[in-house]
Amino acid sequence: MNQKFIPLSVPNFHGKELEYVTHAVETEWVSTGGSYVNEFEAKVAEYANCKGAVSCQNGTSGLHIALQVCGVTKDDEVIVPTLTFIAAVNPVRYIGAEPIFMDCDNSFTMDIVKLEEFCENECTFTGKGLINNRTNKRIIALLVVHVFGNMADMEGIIRIAEKYNLKVIEDATEAIGTYYTEGKYKNKYAGTIGDIGVYSFNGNKIITTGGGGMIVSNNEGLLKKAKHLTTQAKSDELYYTHDEIGYNYRLTNLQAALGLAQLEQLESFIQTKKENFEFYQREIDKIPGLRLLKFKVNIRPNYWFYAVYIEENYKINRDQVIQYLAAKKVQARPIWGLISEQKPYEGSQTYKIEQAKKYLEHVVNIPCSSNLSKEDATYVIECLKQPEVV
Ligand SMILES: *Cc1c(COP(=O)(O)O)cnc(C)c1O
């Protein structure tokens, strides 16, 4: 049999994508103006149940703007995770600010016990805010990432942020659709709990516009500033007056047309991803040496990425699993290399990075597309049942 390639995470266009994009082309509204942009922003805000949304070119530019509107300057420091995609942290440096790297907990998201310990023991809380004892600089914000569609511990994060007067920026680029089902933030969506949040519509995310992003918030002042900065900081439409340095970060109408059609299917994508997750979990749990990492129990995750933990007693290790699956035409990948170990961040401050290293060595992501069929998932399981060194 000629086995077809099973990719990790690819787009799924079975809704009104062509219809809306065609309409955008036919009406000749293809650039940063146009009704799809406004409609997409309104629909995302409605979906995530927040005050408003501002579209942007991608998640990275959204985070750049989010940090700026939260007041991060080149003289500040921002606490960030080490275990995530580097795009979450680079915007801190775009501004000239410095990141401080935190470890993760067993949900891959920021370890709030270590976070609080760091604020308590390594910093001094003064009238000027939280001062890092090592650098004497102000720590102004926490940038948390909802890794793989899980939810960071937002109750803990907000409690610590309030205690030390820190802004909270949520990198929800992987977590559109994830919300709390219990607790203080019941029914609150990832991205809408802190001061500001960002979604990504990159090609590998749960919904895509090719490239694209969205800033969300319940703070109208921040949304207004974000809109201003993403549209060249133009303060007069007719005379083109600009009151600060802005950016050309707005999404195009073509991308928004695609996004609108994708958003209409988001819930059905999540449903499929949930079913595939549950299937994988049942089957993987029967394989000695492997387990599928669970999402938190007090949330409805969007099930974006599936993470398999490879125990020492599995026949092959992480790299061998990736090579073996590749030989079987199944795409799998390790978690990102830790950001604090990447060249641009070599000298940056870290705090007790331990768990992140363990997960990095033991976890692989397996195919999770919203159009992954039951046959494909079954094939992946069959492969994992008979590991070989290739
Ligand atoms: C995808 C992603 C980003 C960046 O989003 P883009 O739209 O690709 O710029 C940032 N942070 C995390 C955690 C991501 O997964």
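**Brief notes about the packing of aromatic side chains**
Moving on, step 1. One pass over the full model with this rule turns up 20 aromatic pairs.
Moving on, step 2. One aromatic cluster is present, built from ring pairs that chain together Phe-108, Phe-148, Trp-304, Phe-305, Tyr-309, Trp-336 and Tyr-359.
Moving on, step 3. Over the ring of Tyr-309 we find Arg-291, and its NZ or CZ is 4.4 Å from the ring centre.
Moving on, step 4. The ring of Tyr-359 has Lys-358 lying over it, and the distance from NZ or CZ to the ring centre is 4.9 Å.

**Comments concerning the pairing of strand E10 (residues 213-217)**
Moving on, step 1. Of all five residues in E10, five are buried; the element is thus mostly enclosed.
Moving on, step 2. Here five bridges tie strand E1 (residues 52-56) to E10, and the two strands are oriented antiparallel to one another. Opposite Ser-55, over in E10, you have Met-214 as the bridge partner.
Moving on, step 3. One ladder, built from four bridges, connects strand E9 (residues 196-200) with E10; its direction is antiparallel. Paired with Tyr-199 across the two strands is Met-214, which belongs to E10.

**What about the domain arrangement of the chain?**
Moving on, step 1. Once the domains are mapped, the chain shows domain 1 (17-263) and domain 2 (266-385).
Moving on, step 2. Taking the mean C-alpha position of each, domain 1 and domain 2 sit 25 Å from one another.
Moving on, step 3. Listed as interface residues are 51 residues of domain 1 and, on the opposing side, 39 residues of domain 2.
Moving on, step 4. Carbon and sulfur atoms supply 59% of the area that domain 1 and domain 2 bury against each other, a total of about 4000 Å² over both sides.
Moving on, step 5. In terms of surface lost to domain 2, no three residues of domain 1 exceed Phe-101, Phe-148 and Ile-206, which account for 20% of the buried area on that side.
Moving on, step 6. The partner of Glu-354 in a salt bridge is Lys-114, and the shortest N-O contact between them spans 2.7 Å.
Moving on, step 7. Counting the contacts that link domain 1 with domain 2 gives 28 residue pairs in polar contact (both at pLDDT 80 or more).
Moving on, step 8. Taken together, the elements giving at least two residues each to the side of domain 1 that touches domain 2 come down to helix H4 (90-94), strand E3 (98-102), helix H5 (112-121), strand E8 (179-180) and helix H8 (253-263).

**Topic: the nonpolar core**
Moving on, step 1. Ile-79, Phe-108, Met-154, Tyr-199 and Tyr-280 are the most contacted members of the largest nonpolar core, which has 141 residues in total.
Moving on, step 2. Mapping this core onto the domain boundaries places at least three of its residues in each of domain 1 (17-263) and domain 2 (266-385).

**With respect to a nonpolar patch on the surface**
Moving on, step 1. A cluster of nonpolar side chains, Val-25, Val-30 and Leu-254, forms an exposed patch at the surface whose accessible area comes to about 200 Å².
Moving on, step 2. Relative to the elements of secondary structure, Val-25 occurs in helix H1 (residues 17-26).

**Quick word on the pairing of strand E5 (residues 129-132)**
Moving on, step 1. Pairing analysis gives four bridges linking strand E4 (residues 123-126) to E5, with the strands arranged antiparallel. Bridge pairing links Thr-126 to Gly-129 in E5.
Moving on, step 2. The antiparallel hairpin formed by E4 and E5 contains two residues in its connecting segment.
Moving on, step 3. Relative to strand E6 (residues 138-145), E5 is paired through two bridges, and the arrangement is antiparallel. In the strand pairing of E6, Leu-130 is matched with Ile-139.

**With respect to the pattern of salt bridges**
Moving on, step 1. Applying the stated criterion across every chain yields a total of 19 salt bridges.
Moving on, step 2. Note that Glu-98 and Arg-93 form a salt bridge whose closest N and O atoms lie 3.1 Å from each other.
Moving on, step 3. The class for Glu-98 is partly exposed, based on a relative accessible area of 25%.
Moving on, step 4. A salt bridge links Lys-274 to Glu-278; its shortest N-O distance comes to 3.2 Å. Taken together, the positions of Lys-274 and Glu-278, both in helix H9 (residues 266-284) and four residues apart, correspond to about one turn of that helix.
Moving on, step 5. You can call Lys-274 partly exposed: its relative accessible area is 28%.

Reading guide: rules and limits
- Residues numbered from 1 in each chain as written.
- Predicted model: local features only at pLDDT ≥ 70, side-chain atom pairs only at ≥ 80, totals over all residues.
- Heavy atoms only, no water.
- Phe/Tyr/Trp six-rings, centres within 6.5 Å; stacked < 30°, edge-to-face > 60°.
- Lys NZ or Arg CZ within 6 Å of the ring centre and 35° of its normal.
- Buried < 20%, exposed > 50% of the residue type's maximum accessible area, 1.4 Å probe, protein only.
- Helix = DSSP H or I, 4+ residues; strand = E, 2+ residues; numbered from the N terminus.
- Pairing = 2+ DSSP bridges.
- Domains from an automatic or database assignment.
- Contact = heavy atoms within 4.5 Å.
- Buried area = accessible area lost by both parts, 1.4 Å probe.
- Salt bridge = Lys/Arg side-chain N within 4 Å of Asp/Glu carboxyl O.
- Polar contact = N/O pair within 3.5 Å; in protein donor to acceptor, adjacent residues only side chain to side chain.
- Core = buried A, V, L, I, M, F, W, Y, C linked by side-chain atoms within 4.5 Å.
- Patch = residues over 30% accessible without salt bridge, like charges linked within 9 Å, V, L, I, M, F, W, Y side chains within 5 Å.
- Areas by Shrake-Rupley, 256 points an atom, 1.4 Å probe, with all protein chains shown as cover.

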